[in-house]
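# Observations on chain architecture
Given next are the chains, with one letter for each unit.
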Amino acid sequence: MTQKIALFVTCLVDQIFPEVGVASVKLLRRYGFEVDFPKGQTCCGQPFLNSGFIPEAQRLARQTIEILEPYDAVVIPGGSCTGIMRKDYQHLFEGLPEWQSRAAKTTKKFYELSEFLAANTVLQPKKNAKLSVTYHDSCHMLRLAGIKTQPRQLLRQVGCEIQEMEESDRCCGFGGVFSVRMGEVSRAMTGYKLKQAHQSQAPVLVTSDPGCLMQMKTHQETQEPLRVEHLAVILEELAA
């Protein structure tokens, strides 16, 4: 078991959902991990990469690699950043063998939070812990990082009953810059996703991606009695 890990919180956790970072640290420490928070961390470069600004993306990727390569493992409470950092960093440095090699070695140590916990520990529920939830699979986490079963496994371990919504892997409408460039389409997609979540009849909608969390929280109608929450927060609340 890795004794010391780095937490890479992602931009949205740092700037909008700090409670997700706090919950991640509490949860990891509760189960015996020594958690370090490298202060020099910034954006992983995904927005630049997705917008075609390759030199800018390379600069942020270099900085991220330099900060994180000394650690044995890097835990990321976000499926989108995990997928991009693991899959695309090496491609960013094609033709630059030194950096491509450093990226290859470092990205092997990147783990999404649920992926890391599921592989290294078994969560225990608090006494009488019970909650009915439905789970949204984010596009990048599922299709790029290949993570689907681990969040559900952890939710069940802490006493959650999962009421699967129809098309749990249907896009929530965020898509990074897509939600800005195609706002009307994006909001319509979000509305449909929330409708599917409501139809599951679970009072809590859980996701592992901060981008999806922001999108669904932002566009939920105030009269809709549905709590939308990040996986880390739910697990920290219910885990003993």
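Scroll up for the structure.
Reading the values: rules and limits
- Residues numbered from 1 in each chain as written.
- Predicted model: local features only at pLDDT ≥ 70, side-chain atom pairs only at ≥ 80, totals over all residues.
- Heavy atoms only, no water.
- Helix = DSSP H or I, 4+ residues; strand = E, 2+ residues; numbered from the N terminus.
- Rg over C-alpha atoms; globule rule 2.2 N^0.38 Å.
- Buried < 20%, exposed > 50% of the residue type's maximum accessible area, 1.4 Å probe, protein only.
- Contact = heavy atoms within 4.5 Å.
- Salt bridge = Lys/Arg side-chain N within 4 Å of Asp/Glu carboxyl O.

## Topic: the overall build of the protein
Scanning the protein from terminus to terminus reveals 13 helices and 8 strands. The globule rule puts the C-alpha radius of gyration for 240 residues at 18 Å, and the 18 Å found for the protein is close to it. Seen through its C-alpha atoms, the protein measures out along the principal axes to roughly 50 × 45 × 25 Å. Classification of the 240 residues of the protein by burial places 53% in the buried group. Relative to all contacts within the protein whose residues are 6 or more apart in sequence, the contacts with residues 24 or more apart total 76%.

## Quick look at the environment of lysine 4
Note that lysine 4 resides in strand E1 (residues 4–7). For lysine 4, a relative accessible area of 37% corresponds to the partly exposed category. Sequence separation of lysine 4 and lysine 195 is 191 residues, and the distance between their C-alpha atoms is 41 Å. Excluding anything up to four places from it in sequence, lysine 4 contacts Glu34, Asp36, Asp72 and Ala73.

## Here's the deal with helix H9 (residues 149–157)
Every buried residue of H9 is listed here: Gln150, Pro151, Arg152, Leu154, Leu155 and Gln157. At the exit of H9 stands glycine 159, carrying a positive phi of roughly 100 degrees.

## Quick look at the pattern of salt bridges
One pass over the structure, following the stated rule, counts 11 salt bridges. Salt-bridge contacts for arginine 86 lead to glutamate 115; the nearest nitrogen and oxygen are separated by 2.9 Å. With arginine 86 in helix H5 (residues 79–92) and glutamate 115 in helix H7 (residues 113–120), this residue pair connects regions lying 29 residues apart in the sequence. Accessibility expressed as a relative area gives 18% for arginine 86, which makes it buried. Residue arginine 170 is joined to glutamate 167 by a salt bridge in which the shortest nitrogen-to-oxygen separation is 3.1 Å. Using a relative accessible area of 33% as the deciding quantity, one classes arginine 170 as partly exposed. Shared partners join several salt bridges into a network, and the residues in it are Asp137, Lys148, Arg152 and Glu164.

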